[in-house]
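Letter by letter, the chains look like this.
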There are 2 protein chains.
Amino acid sequence: MKALLVIMDGLGDRTDKTPLNVANTPCLDSFAKKGMTGLMYPIGIGFIPGSDTAHLAILGYDPFVYYKGRGAFEALGAGFELKDGDVAFRVNMSTVDDNWNVLDRRAGRNDFGMKELFAAIDNMEIDGVNIRVTHTVEHRGAALFSGANLSVKVSNTDPHRENAKVEHAGALDKSGEHIAKVLNEFTRRAYDILKNHPANKERAAKGIKVANIPLLRGPGECFRPEPFEKKFGVKAVCVAGGALYKGVARYLSFYTPDIEGATGTKNTNLVAKKNAVLKYMNDYDFVFAHLKGTDSCGHDGDFEGKKAFIERADKEFFDGLLDKFDVVVVTGDHSTPCVAKRHSMDPVPLLFYARDIRPDETTRLCEAQAYKGGLGRILGKDLVPIIMDYINKSNMFGE
Amino acid sequence: MKALLVIMDGLGDRTDKTPLNVANTPCLDSFAKKGMTGLMYPIGIGFIPGSDTAHLAILGYDPFVYYKGRGAFEALGAGFELKDGDVAFRVNMSTVDDNWNVLDRRAGRNDFGMKELFAAIDNMEIDGVNIRVTHTVEHRGAALFSGANLSVKVSNTDPHRENAKVEHAGALDKSGEHIAKVLNEFTRRAYDILKNHPANKERAAKGIKVANIPLLRGPGECFRPEPFEKKFGVKAVCVAGGALYKGVARYLSFYTPDIEGATGTKNTNLVAKKNAVLKYMNDYDFVFAHLKGTDSCGHDGDFEGKKAFIERADKEFFDGLLDKFDVVVVTGDHSTPCVAKRHSMDPVPLLFYARDIRPDETTRLCEAQAYKGGLGRILGKDLVPIIMDYINKSNMFGE
């Protein structure tokens, strides 16, 4: 039996006129009528979920146990192999003046020459620690520190605002002393290499802000949880464009193929993603598909864009796909209300369909109905165990 | 004040046409109209409850704290007295060849001479451990190991399939070494006694498979939780036919009389059970009654049988009984959907009536309404504390 879990990022919204309330979604409606709806608190009541913690929870891993900082997911999503004890960071390539005042944390958000600049500071060895860095998108990348005596108890070098000095990394407790020292030395050496790098000379010549320092934040401890396949007994695949979502899935040992046309933006090729799901469902029992567009529009306060993305997904992604699965779940990882332009604690509407399900009286996946749905209110970490029972992969507690 | 808790085993079901949705139940309907309904997760959302863990929870004992393996309940149900530190097992009397290949794990499911065969291997002393065994039904029984240095960290001797050798019991950690040795010696001695036992000669002469070895499984640690009467301050009685349910109740120190005509099957004498409840309610404040038929039908996929049992219970058991109590709860220990033929994680409909209760708009005990009921969704372990308040037996937390 086959299960499909679709996360429309930031799907939930606020007010009586939410994108889901007013969107034209005939395919989702037909499954809502046959199945049941409800509300999901990805982390817990009153928590504003991060994308990383929410995805961990919704994939069946209690984030209070398994979340070790965002860096690990970024590094995995960027393609690094992690070993227990490694520490990963998110990296912004930034623009500083000679006194290390930050002029632009995002170096003009311009990726010209960025791959070479990251490569120039890759693979340093400092005090027994190997440091790998790699570029991902725009000005962003990931860093991985490998060696003995590392710890996440270290403060960022990123001041998180412009016109402030680059922060000196400090130990947050005794365990962080070594990595703080290494991180400060890495930052110094990187600056020396980057300031005169040919790619920066080219950027300057073109009028693009130079990218002369890597700012590190979000230290994440690397440790590998029990693989999803082992924990739940099913083969699992992730169909996503965004690095973070693939990173979380890779952390849980999902197969995470690159999907051509899947960009992790609202312009992603939804037909290509649908075809990828149809292809991989042959070999995998559990397909996790991620659509990012709803969240991007929510952050931009773009109500019409969010509604339009939902309608396009209904036509180009859901139609002709949902009826191929025994179990279908469509929900969000959190709410990103257009009126708030950020993640919020509002629970997310959820559609659950399985052939023998107890139907309820709700007829659409939307905020106006979900609070009355037959699934009631569940936590993110409850979702996968419910799915597993419907595909006969759950175990009894007791006899 | 008097409370009645009726567990209809495996009551919940799936699809829009469940036995409860379509059954004709005028008595239950009248109490649903006056009271409220809701859904109960016996263990937790997404958990498939076993009968043992579910009953513990629903009787007010957190199964994550109090569940120590099935063996203890079986041994109690079979009439043994347990002491802290004892280890109990479930026993199948089985048929093996000379090389201890298992030919039939259930010895033809024939109980001819079975009482004598169990008696023949009862009361052995091995390395300071006393071993009691007793017959229950068919080929089944219970074993109780008493002595020092025992542990449940021991593997089964039951291979759980035919055409496989009897398993050598092994220690799962250091604490299990002594009991593993004793269990293997017990099995060897039992075989020597049983292979030439007159009852087996008679079985062979009649063409019945011999019962020449006891296979032990499900080791359960014996420890006695705080008695129900002490924990909740009420005198409690269990009216049930099945050994397991009486065993759980005995574990919690309920009074567990034998009820004539109560068979633990769908053909049980429901009028006799009703009369037993009416009799014992004079001396006990809290009556736990268990009806098994719904579960048996669910396991058999027998929709009509499950519906008919519910209708018979309404007429022969509930009618003329429910109005005698101040508090009435009718629910299941889990769902056993006819379409699944096994326990499932689906929450169970629950009817709660008390004279001064806040009524809701639901009018029947059934899946189609319970998700909208006034009780909402509760966990199994929440139920008894709610009942206790309605009979003025609960204590304030704080002042």
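Remember, it's a predicted structure, so these values are computed and weren't measured experimentally. (Residues numbered from 1 in each chain as written. Chains lettered and ligands numbered in written order. Predicted model: local features only at pLDDT ≥ 70, side-chain atom pairs only at ≥ 80, totals over all residues. Heavy atoms only, no water.)

All names here are of chain B. What the seven strands build is an open sheet, ordered β10-β11-β1-β12-β13-β2-β14; its pairing is mixed. Sheet topology places β10 (236–239) and β14 (376–379) at the edges, where each strand pairs with a single neighbour. In this sheet, neighbouring strand axes are inclined to one another by 20 degrees on average, regardless of whether the strands run parallel or antiparallel. Summarising the sheet, strand β12 (residues 327–331) and strand β13 (residues 348–354) pair through four bridges and their orientation is antiparallel. Bridge assignment links Val328 to a residue of β13, and that residue is Tyr353. Where helix α2 (residues 26–34) meets the sheet, it contacts β2 (36–41), β12 and β13, and its direction lies at approximately 70 degrees from that of β13. (Pairing = 2+ DSSP bridges. Helix = DSSP H or I, 4+ residues; strand = E, 2+ residues; numbered from the N terminus. Axes fitted to C-alpha atoms, helices over the stretch in contact; angles between N-to-C directions. Contact = heavy atoms within 4.5 Å.)

For the rest of this paragraph, the subject is the sheet that holds strand β13 (residues 376–379) of chain A. Residue and element names in this part refer to chain A. Read across the open sheet, the seven strands follow the order β9-β10-β1-β11-β12-β2-β13; overall the sheet is mixed. Two strands bound the open sheet, and with one partner strand each, they are β9 (236–239) and β13. Direction aside, the axes of adjacent strands within the sheet are offset by 20 degrees on average. Looking at chain direction, β9 and strand β10 (residues 286–291) are connected through four bridges and run parallel. Paired with Ala236 across the strands is Phe286, a residue of β10. Helix α13 (residues 303–318) contacts β1 (3–8), β10 and β11 (327–331) of the sheet and is inclined by roughly 155 degrees relative to β1.

Moving on: the relation of the copies chain A and chain B. In the superposition of chain A on chain B (RMSD 0.4 Å, axial shift 0.2 Å), the rotation amounts to 120 degrees. The transformation just described matches what one would write down for a three-fold rotation axis. Among all residues of chain A, the minimum C-alpha distance to the rotation axis is found for Lys372(A), at 4.4 Å. Interface overlap between copies: only 8% of the residues of chain A at the interface are likewise at the interface in chain B, consistent with a contact formed by different surfaces. (Least-squares fit on C-alpha atoms with pLDDT ≥ 70 in both.)

Let us now look at the environment of Phe228(B). Residues and elements named next belong to chain B. Mapping Phe228 onto the fold places it in helix α9 (residues 228–232). For Phe228 and Gly60, which are 168 residues apart along the polypeptide, the C-alpha to C-alpha distance reads 8.3 Å. Here Phe228 is in contact with Leu59, Tyr61, Gly233, Val234, Ala236, Leu252, Phe254, Phe286, Val384 and Met388, once residues within four sequence places are set aside.

Below, the discussion takes up the interface of chain A and chain B. Interfaces are frequently sized by the accessible area removed from exposure as the parts join. Taken together, the contact pairs 25 residues of chain A with 36 residues of chain B. Summing both partners gives a buried area of about 2200 Å² for chain A against chain B, and 52% of it is carried by carbon and sulfur. When the buried area of chain A at its contact with chain B is split by residue, Arg358(A), Phe397(A) and Glu399(A) rank highest and sum to 39% of it. Between Asp389(A) and Arg14(B) there is a salt bridge, with its nearest N and O atoms 3.3 Å apart. Across the contact surface, chain A and chain B share 19 residue pairs in polar contact (both at pLDDT 80 or more). (Buried area = accessible area lost by both parts, 1.4 Å probe. Salt bridge = Lys/Arg side-chain N within 4 Å of Asp/Glu carboxyl O. Polar contact = N/O pair within 3.5 Å; in protein donor to acceptor, adjacent residues only side chain to side chain.)

Attention now moves to the packing of aromatic side chains. Applying the stated criterion to the full structure yields 39 aromatic pairs over all chains. Seen in terms of ring centroids, Phe352(A) and Tyr390(A) are 5.5 Å apart; in terms of plane orientation they differ by 50 degrees. Their pairing is tilted. Taken together, the positions of Phe352(A) in strand β12 (residues 348–354) and Tyr390(A) in helix α15 (residues 383–390) put the pair 38 residues apart, joining distant regions of the chain. Centroid distance Phe31(B) to Tyr353(B): 5.2 Å. Interplanar angle 85 degrees. Geometry classified as edge-to-face. Here Phe31(B), found in helix α2, pairs with Tyr353(B), found in strand β13; they are 322 residues apart in sequence, far enough to count as distant. Under the relative-accessibility criterion, Tyr353(B) is labelled buried at 12%. Feature note: the residues Tyr61(A), Tyr66(A), Phe228(A), Phe232(A), Phe254(A), Phe286(A) and Phe288(A) constitute an aromatic cluster, connected by ring pairs. Cation over ring: Lys34(B) sits above Phe31(B), and NZ or CZ is 4.1 Å from the ring centre. Taking the ring centre of Tyr61(B) as reference, the NZ or CZ of Lys231(B) above it sits at 5.0 Å. (Phe/Tyr/Trp six-rings, centres within 6.5 Å; stacked < 30°, edge-to-face > 60°. Buried < 20%, exposed > 50% of the residue type's maximum accessible area, 1.4 Å probe, protein only. Lys NZ or Arg CZ within 6 Å of the ring centre and 35° of its normal.)

Right, let's get into the domain arrangement of chain A. All names here are of chain A. When its domains are assigned, chain A resolves into domain 1 (3–67 + 226–390) and domain 2 (74–221). Averaged C-alpha coordinates put domain 1 and domain 2 at centres separated by 33 Å. Facing the five residues of domain 1 at the interface are four residues of domain 2. Contact between domain 1 and domain 2 buries roughly 450 Å² in total, counting both sides, with carbon and sulfur atoms accounting for 64%. The interface formed by domain 1 and domain 2 holds zero salt bridges in total. One can count one residue pair in polar contact (both at pLDDT 80 or more) joining domain 1 with domain 2. Residue classes in the side of domain 1 that touches domain 2 are distributed as three nonpolar, one polar and one charged. (Domains from an automatic or database assignment. Nonpolar A, V, L, I, M, F, W, Y, C, P; charged D, E, K, R; others polar.)

The next thing to look at is helix α8 (residues 198–205) of chain B. All names here are of chain B. By the burial criterion, the buried members of α8 are Ala199, Asn200 and Arg203. Down the axis of α8, the sector holding all buried residues measures 95 degrees, keeping them to one side. Residues of α8 that are exposed and point more than 90 degrees away from the buried face comprise Pro198, Lys201 and Ala205. The secondary structure elements touched by the buried residues of α8 are α6 (114–120) and α7 (177–195). Positive phi appears at Gly207, one or two residues downstream of α8, with a value of about 80 degrees. (Arc of directions from axis to C-beta.)

So, about the pairing of strand β1 (residues 3–8) of chain B. Residue and element names in this part refer to chain B. Within β1, six of the six residues are buried, leaving the element largely enclosed by the surrounding structure. Across the two faces of β1 the burial is the same, with Ala3, Leu5 and Ile7 and Leu4, Val6 and Met8 all buried. Both β1 and β12 contribute to a ladder of five bridges, which runs parallel. Bridging across to β12, Val6 finds its partner in Val330.

A few words on the state of the cysteines. Residues and elements named next belong to chain B. Counted by the stated rule, this structure contains zero disulfides over all chains. Left without a disulfide partner, Cys27 is nearest to the cysteine sulfur of Cys366, which lies 15 Å away. By relative accessible area, Cys27 is classed as buried at 9%. (Disulfide = S-S within 2.5 Å.)

What follows concerns the confidence of the model for chain A. When pLDDT is averaged along chain A, the result is 95, and 100% of the positions lie at 70 or above. On the interface metric, ipTM, the complex scores 0.83, and its pTM is 0.84. (pLDDT = per-residue confidence, 0-100.)

Residues and elements named next belong to chain A. Put simply, helix α3 (residues 51–58) and helix α10 (residues 243–251) touch, their axes get as near as 10 Å, and they point 40 degrees apart. By the angle between their directions, the pair α3 and α10 is classed as oblique. Between α3 and α10 lies a crossing of right-handed hand. Contact with α3, carried on its side by Ser51, Asp52, His55 and Leu56, involves Leu244, Tyr245, Val248 and Tyr251 of α10 and no other residues of that element. For the contact of α3 with α10, the class distribution of residues is five nonpolar, two polar and one charged. (Parallel < 35°, antiparallel > 145°, perpendicular 65-115°, else oblique. Left-handed = near helix turned anticlockwise from the far one by under 90°.)

Once that is clear, we can look at the pattern of salt bridges. Taken as a whole, this structure holds 51 salt bridges over all chains when the rule is applied. Here Lys307(A) makes a salt bridge to Glu311(A), at a shortest N to O gap of 4.0 Å. Of the two residues, Lys307(A) and Glu311(A) both sit in helix α13, four residues apart, roughly one turn of that helix. Between Arg188(B) and Glu185(B) there is a salt bridge, with the nearest N and O atoms lying 2.9 Å from each other. In this pair, Arg188(B) and Glu185(B) both sit in helix α7, three residues apart, roughly one turn of the helix. Glu185(B) sits in the partly exposed class, given a relative accessible area of 23%. Each of Glu185(A), Arg188(A), Arg189(A), Asp192(A) and Lys195(A) takes part in one network of salt bridges that share partners.

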